[in-house]
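Survey of secondary and tertiary structure
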Amino acid sequence: MTTRALSLPSPDATGALAATLAPRLRPGDVLLLIGGIGAGKTHFARCLIQSLMDEPEDVPSPTFTLVQVYDVPTGELWHSDLYRLSDPDQVVELGLTEAFDEAICLVEWPDRLQDLTPAAALSLSFEVTGDETRQVTLDWQDARWDSRLEGLW
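Everything in this summary refers to the structure shown in the same document. Treat the numbers as computed from the prediction; the structure is a model and nothing was measured.

Before going further, it helps to examine the pattern of salt bridges. Scanning the model with the defined rule gives four salt bridges in all. The partner of arginine 148 in a salt bridge is aspartate 29, and the shortest N-O contact between them spans 2.3 Å. Taken together, the residues arginine 148 in helix α5 (residues 144–148) and aspartate 29 in the loop between α1 (11–21) and β2 (30–34) connect sequence positions 119 residues apart. Across the pair aspartate 142 and arginine 144 runs a salt bridge whose closest N-O atoms are separated by 3.6 Å. Owing to a relative accessible area of 27%, aspartate 142 belongs among the partly exposed residues under this scheme. One network of salt bridges, with partners in common, ties together Asp29, Asp142, Arg144 and Arg148.

Shown next as structure tokens:
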């Protein structure tokens, strides 16, 4: 497993990281967004999604809808918030496991996936380090991320 940590001094820095990573993503890429409430997961996802849109639009949190699907130039992008799920079978019912193969997927609260967690996923763990500052730790096992993340730090 490869691990890299980045300090993000502001919400703008979090948005810049998302915008830098976004064009490197392809269908079949899964990002696991880990961290407590208020850690910056949704802000990161919102910035990433908007940076991929031809015409940026409002990107609501999928806390209550569970999944929001967006059309971006490379295909579909699924943004899911699994906080309210109690069983991994509910992930299958949402169609998320199929989306892992066909779309770019951003998953908040990925611990709810349990055994359904894709081995090739990129994990981003957000930690609050100050009022506006965050540290994000990126972890991956799949070698495809080595070149995709080059120059990010």
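Within strand β4 (residues 75–81), five of the seven residues are buried, leaving the element largely enclosed by the surrounding structure. For strand β3 (residues 67–72) and β4, the ladder comprises six bridges, and the chain directions are antiparallel. Note that in β4 the partner of aspartate 71 across the bridge is glutamate 76. Looking at chain direction, β4 and strand β5 (residues 104–108) are connected through five bridges and run parallel. Of the residues in β5, the one forming a bridge with serine 80 is valine 107.

For leucine 66, which is not glycine, the phi dihedral falls at a positive 75 degrees. Here leucine 66 lies in the loop between α2 (41–52) and β3. At tryptophan 109, a residue that is not glycine, the phi angle is positive and equals roughly 60 degrees. Looking at where tryptophan 109 falls in the secondary structure, it is placed in the loop between β5 and β6 (122–128).

Moving on: the sheet that holds β4. As summarised here, the arrangement of the seven strands in space is β1-β7-β6-β2-β5-β4-β3, forming an open sheet in which the pairing is mixed. Single-partner strands in this sheet number two, and they are β1 (2–8) and β3. When the angles between neighbouring strand axes are averaged without regard to direction, this sheet yields 15 degrees. As paired strands, β2 and β6 are joined by four bridges and run parallel to one another. Bridge pairing in β6 places leucine 32 opposite serine 123.

What follows is about the nonpolar core. One finds Leu31, Phe44, Leu48, Leu77, Leu122, Leu124 and Leu138 to be the most contacted residues of the largest nonpolar core, which totals 33 residues. Residue assignment for this core shows that the elements contributing at least two residues are β1, α1, β2, α2, β3, β5, β6 and β7 (134–140). With six residues, the single largest contributor to this core is α2. With residues up to four places along the chain from it excluded, the contact list for leucine 31 reads Leu21, Leu25, Phe44, Leu48, Cys105, Leu106, Val107, Leu122, Leu124 and Trp145. In terms of nonpolar packing, the next biggest core, distinct from the first, is built from 17 residues, Leu32, Val67, Cys105 and Val107 among them.

Cut-off values and rules
Residues numbered from 1 in each chain as written. Predicted model: local features only at pLDDT ≥ 70, side-chain atom pairs only at ≥ 80, totals over all residues. Heavy atoms only, no water. Salt bridge = Lys/Arg side-chain N within 4 Å of Asp/Glu carboxyl O. Helix = DSSP H or I, 4+ residues; strand = E, 2+ residues; numbered from the N terminus. Buried < 20%, exposed > 50% of the residue type's maximum accessible area, 1.4 Å probe, protein only. Pairing = 2+ DSSP bridges. Axes fitted to C-alpha atoms, helices over the stretch in contact; angles between N-to-C directions. Core = buried A, V, L, I, M, F, W, Y, C linked by side-chain atoms within 4.5 Å. Contact = heavy atoms within 4.5 Å.

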